[in-house]
Amino acid sequence: QLQFVESGGGLVQPGGSLRLSCAASGFTLDGYTIGWFRQAPGKEREGVSCISIYSTYYVDSVKGRFTISRDNAKNTVYLQMNSLKAEDTATYYCARRLGSGYCSAPFFTSWGLGTQVTVSS
């Protein structure tokens, strides 16, 4: 059974850090692109970062602050988020697409349930 379990969200002050985890089961990471997406109420869903065996991608607003990585042995993808800003507040989702390609939500067909990140003083 294909599953994603996201964890690591929470409430953090501006400038703080969080590490999100996406534990995958039912498949191995090899051959897929895993993405982190975020969506705030009333706002568009945004591709934050994606990783494949060939490349990584970051949306401009998080470059230099976020780092995506994977642990194949644990079948888990991480998103290390540093220097968090209020505008990073959203529900964060991990998702899967076949192969390597655009970090754009319509291409991703399998999704986790999300974890909430709130950045507030």
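Draft legend 1. Structural detail: the state of the cysteines. Under the counting rule described, the total for this entry stands at two disulfides. Covalent S-S linkage joins Cys 22 and Cys 94, the inter-sulfur distance amounting to 2.1 Å. In this structure, the disulfide formed by Cys 22 and Cys 94 twists by about 65° around the S-S bond and is classed as right-handed. With Cys 22 in strand S3 (residues 18-25) and Cys 94 in strand S9 (residues 90-98), this residue pair connects regions lying 72 residues apart in the sequence. We note that Cys 22, like Cys 94, is buried. Across the protein chain, the disulfide pattern expressed with sequentially numbered bonded cysteines is 1-3, 2-4.

Draft legend 2. A look at the side chain of Asp 88. You can see Asp 88 is positioned in the loop between strand S8 (76-81) and S9. The exposure class assigned to Asp 88 is buried, which follows from its relative accessible area of 0%. There is a polar contact of 2.8 Å between the side chain of Asp 88 and the backbone nitrogen of Lys 85. For Asp 88, the contacting residues outside a window of four places in its chain are Arg 38, Arg 65, Phe 66, Ser 83, Val 117 and Val 119.

Draft legend 3. Broad picture of the environment of Thr 67. Structurally, Thr 67 is set in strand S7 (residues 66-71). Residues Thr 67 and Tyr 92 lie 25 residues apart in sequence; the distance between their C-alpha atoms is 14 Å. Once you skip the residues sitting within four places of it in the chain, Thr 67 turns out to touch Tyr 58, Tyr 78, Leu 79 and Gln 80.

Draft legend 4. Expanded view of the nonpolar core. Trp 36, Phe 66, Leu 79, Met 81 and Tyr 92 are the most contacted members of the largest nonpolar core, which totals 27 residues. Broken down by secondary-structure element, the contributors of at least two residues to this core are S3, strand S4 (32-39), strand S5 (46-51), S7, S8, S9 and strand S11 (115-119). Ranked by the residues each element gives to this core, the list is headed by S3, at four residues. With near-sequence residues (within four places) excluded, Met 81 lies in contact with Gly 16, Ser 17, Leu 18, Leu 20, Arg 65, Phe 66, Tyr 92 and Val 117. Residues Phe 37, Cys 50, Cys 103 and Ala 105 belong to the second largest nonpolar core, which totals six residues.

Draft legend 5. Structural context of the sheet that holds S7. The strand order S1-S3-S8-S7 describes an open sheet built from four strands, whose pairing is antiparallel. Edge positions in the sheet fall to strand S1 (3-7) and S7, since each has one partner strand and no second. Going across the sheet, the axis of each strand differs from the next one's by a mean of 15°, ignoring polarity.

What counts as what
Residues numbered from 1 in each chain as written. Predicted model: local features only at pLDDT ≥ 70, side-chain atom pairs only at ≥ 80, totals over all residues. Heavy atoms only, no water. Disulfide = S-S within 2.5 Å. Helix = DSSP H or I, 4+ residues; strand = E, 2+ residues; numbered from the N terminus. Buried < 20%, exposed > 50% of the residue type's maximum accessible area, 1.4 Å probe, protein only. Polar contact = N/O pair within 3.5 Å; in protein donor to acceptor, adjacent residues only side chain to side chain. Contact = heavy atoms within 4.5 Å. Core = buried A, V, L, I, M, F, W, Y, C linked by side-chain atoms within 4.5 Å. Pairing = 2+ DSSP bridges. Axes fitted to C-alpha atoms, helices over the stretch in contact; angles between N-to-C directions.

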